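# Breakdown of the fold
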Amino acid sequence: MLLWSLGPIFIKYLAGSLDSWTQNALRYSVAFLFWLPYLLLCIRKKRFDSQILRKAVAPSIANVLLQSCWAATFYYMNPAFAVLLTKTSVLWIVAFSLVLLPQERRLLKRKRLWLCLILCLTGVMGVMWAKEDFSASGSLFGIALALSAAFCWGLYTVSIRIAFRDTNSLLGFSIVSLYTSIGLWLAALCVGDIAACLHIGWRVWGLLILSAATSIAMAHVCYYAAIKRLGATIPALVILVQPFLVLLMSRLVFNEHLNILQLCFGIVLIS
């Protein structure tokens with residue numbers, strides 16, 4: 001949760017130097033290189049199961065879609081508001097978990113789960129309704145991107161749970177980061193401005209590398225490990241606290257403020 005809270009701040013800051021497609025491709029390539037020595041070590045010591053190459057396909061496709069929507073969201077709105085909207089992912093995670101993961105269906109019998117889902121829906125609708133420029137075209141497109149990212153996040157989380165339940169978390173993400181990097185580079189080649197990375201300074205490169213190492217490479221591995229031990233639903237619920245951490249940082253860096261109604265509905269969403 002702490003590592004992922006840094007991501008939106010970095011993406012928003014780097015948006016002034018790179019388009020979302022190029023930024024995605026570069027950051028994920030760094031994340032792959034970060035864990036590449038471990039992957040090579042596993043191959044050398046014959047701890048590498050070739051079946052993981054097949055298992056990683058579904059999570060990687062979901063991750064490419066997720067990252068494409070996630071990064072683009074911060075080009076249209078401020079971090080805290082965007083992250084609040086993406087927390088609707090918990091609805092999709094619960095839905096996919098109940099359908100695809102029999103071991104989590106026991107949650108259906110708990111009245112508190114249904115109460116929480118109602119509060120989640122109420123909170124997100126209220127956060128959007130309380131936004132002053134909600135009807136602006138840029139805001140509507142940004143909201144659509146955020147909600148799409150939430151849907152893809154649900155797919156990604158549950159696909160991780162299914163694919164890597166018996167796999168080392170580091171090894172699993174090493175392969176996913178490779179596949180995701182390839183997918184994001186293909187997208188960047190088609191619609192991005194890759195040449196822009198030749199004109200950014202060392203300061204931007206430093207921030208890009210730092211963001212990839214923390215909010216991608218280490219954050220995803222922690223998430224994989226948590227899902228493996230706790231299931232798909234509980235880690236997703238813990239990360240609901242993320243918007244408030246992002247708001248604290250965004251207020252310092254971008255002077256972002258949520259109005260009173262948004263804060264109230266945000267608390268309902270997180271609750």
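About the thresholds
Residues numbered from 1 in each chain as written. Predicted model: local features only at pLDDT ≥ 70, side-chain atom pairs only at ≥ 80, totals over all residues. Heavy atoms only, no water. Helix = DSSP H or I, 4+ residues; strand = E, 2+ residues; numbered from the N terminus. Buried < 20%, exposed > 50% of the residue type's maximum accessible area, 1.4 Å probe, protein only. Contact = heavy atoms within 4.5 Å. 1 Å grid on protein atoms, 1.4 Å probe; cavity = no way out; pocket = protein on both sides within 12 Å on 5 of 7 lines; lining within 4 Å. Points joined across faces, edges and corners; volume = space filled by probe spheres on them. Nonpolar A, V, L, I, M, F, W, Y, C, P; charged D, E, K, R; others polar. Polar contact = N/O pair within 3.5 Å; in protein donor to acceptor, adjacent residues only side chain to side chain. Phe/Tyr/Trp six-rings, centres within 6.5 Å; stacked < 30°, edge-to-face > 60°. Expected span 1.5 Å × (residues − 1).

## Thoughts on the overall build of the chain
- What the chain contains, in helices and strands, is 13 helices and zero strands.
- Listed N to C, the secondary structure of the chain is α-α-α-α-α-α-α-α-α-α-α-α-α in terms of helices and strands.
- Overall, the chain is about 55 × 55 × 30 Å in size when its C-alpha atoms are taken along their principal axes.
- Out of the 271 residues belonging to the chain, those deemed buried represent 53%.
- Here the contacts in the chain between residues at least 6 apart in sequence split such that 87% fall between residues at least 24 apart.

## Details of the layout of surface pockets
- Of the pockets and cavities examined, the largest pocket occupies roughly 470 Å³.
- Every residue lining the largest pocket is counted, 24 residues in all, and those nearest its centre are Leu107, Leu113, Thr233, Ile234 and Leu237.
- Looking at the lining of the largest pocket, the elements with two or more residues in it are α6 (89–100), α7 (111–129), α11 (233–238) and α13 (260–270).
- In terms of residue count, the dominant contributor to the lining of the largest pocket is α7 (six residues).
- Broken down by class, the residue content of the lining of the largest pocket amounts to 15 nonpolar, four polar and five charged.

## Some remarks on the side chain of Ser68
- Within the fold, Ser68 resides in helix α4 (residues 57–73).
- For Ser68, a relative accessible area of 15% corresponds to the buried category.
- For Ser68, the side chain forms a polar contact with the main-chain oxygen of Val64, separated by 2.8 Å.
- If sequence neighbours within four positions are ignored, Ser68 has contacts with Trp21, Asn24 and Leu184.

## So, the packing of aromatic side chains
- Summed over the entire model, instances satisfying the criterion amount to 14 aromatic pairs.
- Measuring from centroid to centroid gives 4.9 Å for Phe34 and Trp35, while their planes differ by 85°, and the two rings are edge-to-face.
- Joined through ring pairs, the aromatic side chains of Trp4, Tyr28, Trp153, Tyr156, Phe164, Phe173, Tyr223 and Tyr224 make up one cluster.

## Describing the environment of Ile175
- Structurally, Ile175 is set in helix α9 (residues 169–191).
- Residue classification places Ile175 among the buried positions, given a relative accessible area of 2%.
- Each C-alpha atom, one on Ile175 and one on Phe151, is 22 Å from the other, the two residues being 24 residues apart in sequence.

## Some details on helix α12 (residues 242–254)
- The terminal C-alpha atoms of α12, which comprises 13 residues, lie 17 Å apart, in line with the 18 Å expected from a rise of 1.5 Å per residue.
- Among the residues making up α12, those that are buried are Gln242, Pro243, Val246, Leu247 and Ser250.
- Considering only its buried residues, α12 is in contact with α1 (2–14), α4, α5 (79–86) and α13.
- Taken from the residues just after α12, Asn255 is the one with a positive phi, measuring 55°.

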